[in-house]
Amino acid sequence: MQWDNIKSIVLKEYWTYVGSRKIISILFIMALYAVVIGINYIIGPEALTSYSRELAMKQISSSASAFGINPSDVEKMGDNAILLAAMVIQLPLTIAVFSYFATYNSILTSFLRERMLGTMEVLFSCPLDEREIIGGKILASATVGMTTWAFLFLMNTTGIETITMRSLGRVWIPIPEYIILSVLYPLSMIFLAIPVGLLISAGMGKWFGEQVGGLVGIIPLLFVAVLPRINVMDFFELVKVLVGASILTIFVLLKFLKIKRLSFITN
Amino acid sequence: MLEVENISAGYGNKDVLRDLSFVVGKNEIYILLGVNGAGKTTTFRVISGILPPSKGKVLVDGINLWTEPEKAKRKIGYLPEGERIYPDLSVYKNMLFFAKVYKVDKKRINELLRDFGLEKYRSAKAGNLSRGLRKRLALARALLHDPEILVLDEPFSNLDVPGVLSLREKIWEMLRRGKVVLFSTHILTELQHFEGVKCKVGVINDGELVLEEKLDSLLSWISNIEVTIATSEPYLTIKLLKNLGYEVSTDGGSSVVVRVSNCSIEIPKIIKRLVAEDIKVYQVKPKDMPLEKIFMRVSRKNDGSVSTTAKNVWP
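Presented here is a report on the structure given in the accompanying data block. (Residues numbered from 1 in each chain as written. Chains lettered and ligands numbered in written order. Predicted model: local features only at pLDDT ≥ 70, side-chain atom pairs only at ≥ 80, totals over all residues. Heavy atoms only, no water.)

Glancing now at the overall build of chain B. On a plain count of helices and strands, chain B comes out with 10 helices and 14 strands. In terms of overall dimensions, chain B has C-alpha extents of about 70 × 50 × 30 Å along its principal axes. Buried residues in chain B amount to 53% of all 315 residues. Taking the intrachain contacts of chain B between residues at least 6 apart in sequence as the baseline, contacts between residues at least 24 apart amount to 67%. For chain B, the accessible surface area stands at approximately 14,200 Å², while carbon and sulfur atoms represent 49% of it. The distance from the centre of the 49 positive side-chain charges to the centre of the 39 negative ones in chain B is 4 Å. (Helix = DSSP H or I, 4+ residues; strand = E, 2+ residues; numbered from the N terminus. Buried < 20%, exposed > 50% of the residue type's maximum accessible area, 1.4 Å probe, protein only. Contact = heavy atoms within 4.5 Å. Areas by Shrake-Rupley, 256 points an atom, 1.4 Å probe, with all protein chains shown as cover. Lys, Arg positive; Asp, Glu negative; His and termini not counted. Charge placed at Lys NZ, Arg CZ, Asp CG, Glu CD.)

If you tally the helices and strands in chain A, you get 12 helices and zero strands. Sequence-ordered secondary structure for chain A, helices as α and strands as β, is α-α-α-α-α-α-α-α-α-α-α-α. Here chain A holds 267 residues, and the buried ones make up 52% of them. Within chain A, contacts between residues separated by at least 24 positions form 82% of all contacts whose residues are at least 6 apart in sequence.

Before going further, it helps to spend a moment on the pairing of strand 13 (residues 255–260) of chain B. Residues and elements named next belong to chain B. Of all six residues in strand 13, five are buried; the element is thus mostly enclosed. Where strand 12 (residues 247–250) lies against strand 13, four bridges are found, and the strand directions are antiparallel. Looking across to strand 13, one finds that Thr-250 is bridged to Val-256. Counting the residues in the hairpin turn of strand 12 and strand 13 gives four residues, including Gly-252, whose phi is positive at 95 degrees. (Pairing = 2+ DSSP bridges.)

The subject of this paragraph is the interface of chain A and chain B. Listed by partner, the interface residues are 30 residues for chain A and 31 residues for chain B. Between chain A and chain B, roughly 2,800 Å² of surface is buried when both sides are summed, and carbon and sulfur atoms account for 61% of that area. When the area that chain A buries against chain B is broken down by residue, the three leading residues are Trp-15, Ser-125 and Pro-127 of chain A, summing to 24%. Applying the counting rule to chain A against chain B returns three salt bridges. The partner of Arg-113 of chain A in a salt bridge is Asp-88 of chain B, and the shortest N-O contact between them spans 2.2 Å. Counting the contacts that link chain A with chain B gives seven residue pairs in polar contact (both at pLDDT 80 or more). Contributing elements (two or more residues each) for the side of chain A that touches chain B: helix 1 (3–19), helix 5 (79–117), helix 6 (119–125) and helix 12 (261–264) of chain A. (Buried area = accessible area lost by both parts, 1.4 Å probe. Salt bridge = Lys/Arg side-chain N within 4 Å of Asp/Glu carboxyl O. Polar contact = N/O pair within 3.5 Å; in protein donor to acceptor, adjacent residues only side chain to side chain.)

The subject of this paragraph is the sheet that holds strand 8 (residues 180–184) of chain B. Adjacent strands of a sheet pair through backbone hydrogen bonds, lying either parallel or antiparallel. All names here are of chain B. Read from one edge to the other, the open sheet built from six strands follows the order 6-7-8-3-9-10, with strand pairing classed as mixed. The two strands at the open ends of the sheet, each matched to only one other strand, are strand 6 (76–79) and strand 10 (208–214). Ignoring strand direction, the axes of neighbouring strands in this sheet form an average angle of 15 degrees. Taken together, the five bridges between strand 3 (residues 28–33) and strand 9 (residues 199–205) define a ladder with parallel strand orientation. Bridged to Tyr-30 within strand 9 is Lys-200. (Axes fitted to C-alpha atoms, helices over the stretch in contact; angles between N-to-C directions.)

What follows concerns the pairing of strand 2 (residues 15–24) of chain B. All names here are of chain B. As defined by bridge partners, strand 1 (residues 2–10) adjoins strand 2 across six bridges and the pair is classed as antiparallel. Each bridged residue has a counterpart across the sheet, and for Leu-2 the counterpart in strand 2 is Val-24. Count of turn residues in the strand 1/strand 2 antiparallel hairpin: four residues.

With that out of the way, let us pick up the sheet that holds strand 2 of chain B. Residue and element names in this part refer to chain B. In spatial order, the strands read 2-1-4-5; together these four strands make up an open sheet with antiparallel pairing. Looking at the sheet topology across the chains shown, the edges are occupied by strand 2 and strand 5 (63–64). Set on the sheet, helix 1 (residues 40–47) makes contact with strand 1, strand 2 and strand 4 (55–60); between it and strand 2 the angle comes to about 65 degrees.

Okay, the packing of helix 3 (residues 91–101) of chain B against helix 5 (residues 131–143) of chain B next. Residue and element names in this part refer to chain B. Two elements in contact, helix 3 and helix 5, have axes whose closest approach is 10 Å; the angle formed by their N-to-C orientations is 25 degrees. As far as their axial angle goes, helix 5 and helix 3 are roughly parallel. Helix 5 is crossed by helix 3, and the crossing has right-handed handedness. In this structure, helix 3 contributes Val-91, Asn-94, Met-95 and Phe-98 to the contact, and helix 5 contributes Leu-137, Ala-140 and Arg-141. In terms of residue class, the contact of helix 3 with helix 5 is built from five nonpolar, one polar and one charged. (Parallel < 35°, antiparallel > 145°, perpendicular 65-115°, else oblique. Left-handed = near helix turned anticlockwise from the far one by under 90°. Nonpolar A, V, L, I, M, F, W, Y, C, P; charged D, E, K, R; others polar.)

For the rest of this paragraph, the subject is unusual backbone geometry. A positive phi angle, near 50 degrees, is found at Asp-146 of chain B, a position not held by glycine. Tracing the chain through its elements places Asp-146 of chain B in the loop between helix 5 and strand 7 (149–153).

In this section: a nonpolar patch on the surface. Residues and elements named next belong to chain A. On the surface, Val-35, Ile-39, Ile-43, Phe-151 and Met-155 cluster together to form a nonpolar patch covering roughly 410 Å² of accessible area. Among the elements of the structure, helix 2 (21–47) and helix 7 (130–168) are those that each provide at least two residues to the nonpolar patch. The leading source of residues in the nonpolar patch is helix 2, at three residues. Considering the arrangement of structural elements, one finds Ile-43 in helix 2. (Patch = residues over 30% accessible without salt bridge, like charges linked within 9 Å, V, L, I, M, F, W, Y side chains within 5 Å.)

Attention shifts here to the layout of surface pockets. All names here are of chain B. Space inside the largest pocket adds up to approximately 470 Å³. In this structure, the largest pocket is lined by 25 residues; those nearest its centre are Asn-36, Gly-37, Lys-40, Thr-41 and Glu-81. Contributing elements (two or more residues each) for the lining of the largest pocket: helix 1 and helix 5. Per-element tally for the lining of the largest pocket: the top contributor is helix 1, with four residues. For the lining of the largest pocket, the per-class residue count stands at six nonpolar, 12 polar and seven charged. (1 Å grid on protein atoms, 1.4 Å probe; cavity = no way out; pocket = protein on both sides within 12 Å on 5 of 7 lines; lining within 4 Å. Points joined across faces, edges and corners; volume = space filled by probe spheres on them.)

Residue and element names in this part refer to chain A. All chains considered together, the criterion is met by four cavities of 30 Å³ or more. There is about 120 Å³ of room inside the largest cavity. Secondary structure elements with two or more residues in the lining of the largest cavity: helix 1 and helix 5. With six residues, the top contributor of residues to the lining of the largest cavity is helix 5. Looking at the lining of the largest cavity, its residues break down into six nonpolar, five polar and five charged.

This is the structure we're talking about:
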């Protein structure tokens, strides 16, 4: 495997992302969607009934440390405490879902476009190893996922800091749970999206990719469903296993996956 | 030099190509003819390292394409049927990507863009180009690394006149430099432009090579044809040609049909003689396209009714 060849594939993928209106519009819609969800959360507390607000405040006060604040801070913060709680615990799950979709979509689209345009045939005729093609596409898709995650993570963290600075006059120190949920969990989703997307788009036939490709997108939502039922630290253990298994799968695929050539050769 | 030895290949369990063998030497063109579905594209896919053969081997300057693919593929330039370019990338970036893959200097990109008249489109998105221009871009890409063997699948289709001329010029240039060129075409008249060079024609039918012949021999065979001549004095023309010893017939109108054994020598002589006799010559054309006739005879399905061996096909 030659690094120069992988770099060439990565570069071509970047040019395609920039050149393709479709991919830009998908990313734009995703970013917009994240912003809309963010706005929804921001105006959310105002939409609560007085009973719900009271209940939420009581719950936050009783476990204030889980949100990185003291019980006395909750009163000072008022409605902002509910917002903070949402941004510390709930929004990171959205970040993970978006990071997964960005990565999965990008690797799936990349192979799908090569199949549609018949350009994979030209790549096969070049002095490129299949592993270099796969490696380049993995790196490019991972970058898209990382960029999406970084954008959403910075947006969320900046929001949390703005709220605490305005309400408490001090900087909010990120708690381990926040790091797990907003950094490790989304990154684990990115690592998971790569082998799943790769297997479906490059390793399976045309029919399977087209029919099942969209359904696999629900994987991160299953994790979101599991989360409220288990302890955050247990969830962390799950994330660790997920990251390990995904990275191992990526290496195994990189070494052994054969692109299903016939599905890319079109007339 | 390209050696194709007994290759069989297909897209599933059934082989589309069966025991195909041919050799193309330096300075030589190999033109592959065949009806749709005969196996031309599959052949080119195997010899370009795209489709692995189920049997046989392909040697590129002695290097086995399927055991040392990276080394062998550097010597091959492939133009697939259809343009197969990246529509979201600019013309220049389409070339730049492959220049990086083949480790070619950027100067070469500019040279080829100039040669194929694509210089003014260098920043344009490849997908926004006309079909002919896209074809030129794909051709420029195939030539980017100055390959030893150029494999062109239907290169003349969708090309405008300047495109055809610059492609022919490129093929000639490659031959002058001792390279190997293979192409498939359904434009049979294109064959005549390669008269006089080392050129072989292969006709593939139902995955098998049913005919392989040197182009010059093929063209000399087909020079024994019937030519229709439209003149101002048909009866006088018939009399004159009969006196000259030709087999002549008429279609009842102003046209006279004459059989010649070597059209490129005899037709100019006939016209000169007619003009000398004050007969106006309006039109001279072959009565039918002999190449097409021969091609259809060897390309017909091998159902027992028509022989597919070359020996008893020729007139």
